[in-house]
Amino acid sequence: MTGTRRGSTTRRVVEEVSVDGGEHRRRRRDTLATEEPLEIRVVRAEDAAAHRVSVTMRTPGADFELAAGFLYGEGLLSAPLEVAAIRYCVDPAVDGAQQYNVVNVLLAHGVSFDAELLRRNFYTTSSCGVCGKASIEAVRGAGCPFVASPLGVDAATLLALPDRLRAAQAVFDRTGGLHGAALFSPEGELLRVREDVGRHNALDKLVGASFLAGELPLADRVVLVSGRL
């Protein structure tokens, strides 16, 4: 059975209720943000063994960037040369309907990988990026290095960034419910934007894109994420 790639949006029939001058109901089609599970696996070149790292609920799209950003943040990857390829799983043993919900990150030859680091094998929800962490120390011990940067941003530029992020959120325009993460220059130029039902997923996609492009660390860049209001 061949899997089907999910889109970032889903069309559904909803019932709309209006109470202006009395209760009125009508059924119509609406566009919703898609949420599907994504399983991230790491595959060693030496033995082709696939190790399950994590499952997260995400909006399909930029899945390879999400996997790379997540693994970088967890300290399991440190440089793009460590990655030979990132692919969707086409293992016949995987349910065909889920093949585009499983991503294999293939390590380059000679890249060490300690499977013991994955013993926690946590489940991450779209609403919280630290679920499954065993302790506060585990959260603070993430793999990303500290960046010492004298970067300064003009106040007027900083205040203009949320509107620029919002204007670039194409899927939010269609659904009205999606987080965004954006990368800006110190002058306020929008360099990259990613969207997801999970704010931490959107940020992982953003970081993953920069990681795969060899742009890290982003010492001279500004990151902005959406909020709940």
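Scroll up a little and you will see the structure.
Participant: How would you sum up the overall build of the protein chain? Please name residues and give values.
Facilitator: Helix and strand counts for the protein chain come out as 5 helices and 10 strands. Buried positions account for 38% of the 229 residues belonging to the protein chain. Roughly 12800 Å² of accessible area belongs to the protein chain as shown, and the carbon and sulfur atoms make up 53% of that amount.

Participant: How would you summarise the sheet that holds strand 9 (residues 190–196) if you had to cite specific residues and measurements?
Facilitator: Through backbone hydrogen bonds, the strands of a sheet pair up, either in parallel or in antiparallel fashion. If you walk across this open sheet you meet the 3 strands as 9-8-10, and the pairing is antiparallel. Each edge of the open sheet carries a strand with a single partner, namely strand 9 and strand 10 (222–225). Put simply, the sheet's adjacent strands are angled 15° from each other on average, direction ignored. In the sheet, strand 8 (residues 179–184) pairs with strand 10 via 4 bridges, with the strands oriented antiparallel.

Participant: For the packing of helix 1 (residues 63–73) against helix 5 (residues 199–212), give the residues involved together with the corresponding values.
Facilitator: Between helix 1 and helix 5, whose axes approach to 6 Å, the crossing angle comes to 90°. As summarised for this structure, helix 1 and helix 5 are arranged roughly perpendicular, according to the angle between their axes. Each of F64, E65, L66, A68, G69, F70 and Y72 in helix 1 lies in contact with helix 5, whose residues at this interface are N201, D204, K205, V207, G208, A209, F211 and L212.

Participant: Got a sec to walk through the pattern of salt bridges? Specific residues and values, please.
Facilitator: Note that side chains of opposite charge can pair when their charged atoms are close. Evaluated as defined, the whole model comprises 14 salt bridges. Across the pair E15 and R25 runs a salt bridge, and its minimum N-O distance is 3.2 Å. Taken together, the positions of E15 in strand 1 (residues 9–18) and R25 in strand 2 (residues 24–33) put the pair 10 residues apart, joining distant regions of the chain. Owing to a relative accessible area of 44%, E15 belongs among the partly exposed residues under this scheme. Residues E39 and R52 are paired through a salt bridge, measuring 3.2 Å at the closest nitrogen-oxygen approach. Highlighted residues: E39 in strand 3 (residues 36–43) and R52 in strand 4 (residues 50–58), separated in sequence by 13 residues.

Participant: Explain the packing of aromatic side chains to me, and be specific about the residues and the numbers.
Facilitator: Here the structure, examined in full by the defined rule, presents 3 aromatic pairs. On the basis of an interplanar angle of 50° and a centroid distance of 4.9 Å, the ring pair of F64 and Y88 is categorised as tilted. Of the two residues, F64 is situated in helix 1 and Y88 in strand 5 (residues 83–88); the sequence distance between them amounts to 24 residues. On the basis of relative accessible area, Y88 is assigned to the buried category, the value being 16%. Look at Y72 and F211: their rings are 5.5 Å apart centre to centre, the planes differ by 40°, and that puts the pair in the tilted class. Here Y72, found in helix 1, pairs with F211, found in helix 5; they are 139 residues apart in sequence, far enough to count as distant. In this structure Y72 comes out as buried when scored by relative accessible area, which is 9%.

Participant: Now, about the pairing of strand 1: what can you tell me, with residues and values included?
Facilitator: Direction of pairing for strand 1 relative to strand 2: antiparallel, over a ladder of 10 bridges. In the sheet register, V17 faces strand 2, and the bridge partner there is R25. In this structure, the hairpin formed by strand 1 and strand 2 is closed by a connection of 5 residues, where G21 is found at a positive phi of approximately 75°.

Participant: Hey, could you go over a positive patch on the surface for me, with residue numbers and the actual values?
Facilitator: A surface patch of positive charge is lined by R11, R12, R29 and R174. With respect to the helices and strands, R11 occurs in strand 1.

Participant: Tell me about the pairing of strand 6 (residues 102–107), and name the residues and values.
Facilitator: The element strand 6 is extensively covered by neighbouring structure, given that 6 of its 6 residues are classed as buried. Here strand 6 shows two buried faces, one formed by V102, N104 and L106 and the other by V103, V105 and L107. One ladder, built from 5 bridges, connects strand 3 with strand 6; its direction is parallel. Counterpart to V42 in the pairing with strand 6 is V105. For strand 5 and strand 6, the ladder comprises 5 bridges, and the chain directions are antiparallel. Bridging across to strand 6, I86 finds its partner in V105.

Participant: Residues and numbers for the environment of E16, please.
Facilitator: Looking at where E16 falls in the secondary structure, it is placed in strand 1. Placed 14 residues apart in sequence, E16 and D30 show a C-alpha to C-alpha distance of 9.9 Å. The residues contacting E16, other than those within four sequence positions of it, are H24, R25, R26 and R28. Of note is the side chain of E16, whose polar atom sits 2.8 Å from the side chain of R28.

Calculation criteria
- Residues numbered from 1 in each chain as written.
- Predicted model: local features only at pLDDT ≥ 70, side-chain atom pairs only at ≥ 80, totals over all residues.
- Heavy atoms only, no water.
- Helix = DSSP H or I, 4+ residues; strand = E, 2+ residues; numbered from the N terminus.
- Buried < 20%, exposed > 50% of the residue type's maximum accessible area, 1.4 Å probe, protein only.
- Areas by Shrake-Rupley, 256 points an atom, 1.4 Å probe, with all protein chains shown as cover.
- Pairing = 2+ DSSP bridges.
- Axes fitted to C-alpha atoms, helices over the stretch in contact; angles between N-to-C directions.
- Parallel < 35°, antiparallel > 145°, perpendicular 65-115°, else oblique.
- Contact = heavy atoms within 4.5 Å.
- Salt bridge = Lys/Arg side-chain N within 4 Å of Asp/Glu carboxyl O.
- Phe/Tyr/Trp six-rings, centres within 6.5 Å; stacked < 30°, edge-to-face > 60°.
- Patch = residues over 30% accessible without salt bridge, like charges linked within 9 Å, V, L, I, M, F, W, Y side chains within 5 Å.
- Lys, Arg positive; Asp, Glu negative; His and termini not counted.
- Charge placed at Lys NZ, Arg CZ, Asp CG, Glu CD.
- Polar contact = N/O pair within 3.5 Å; in protein donor to acceptor, adjacent residues only side chain to side chain.

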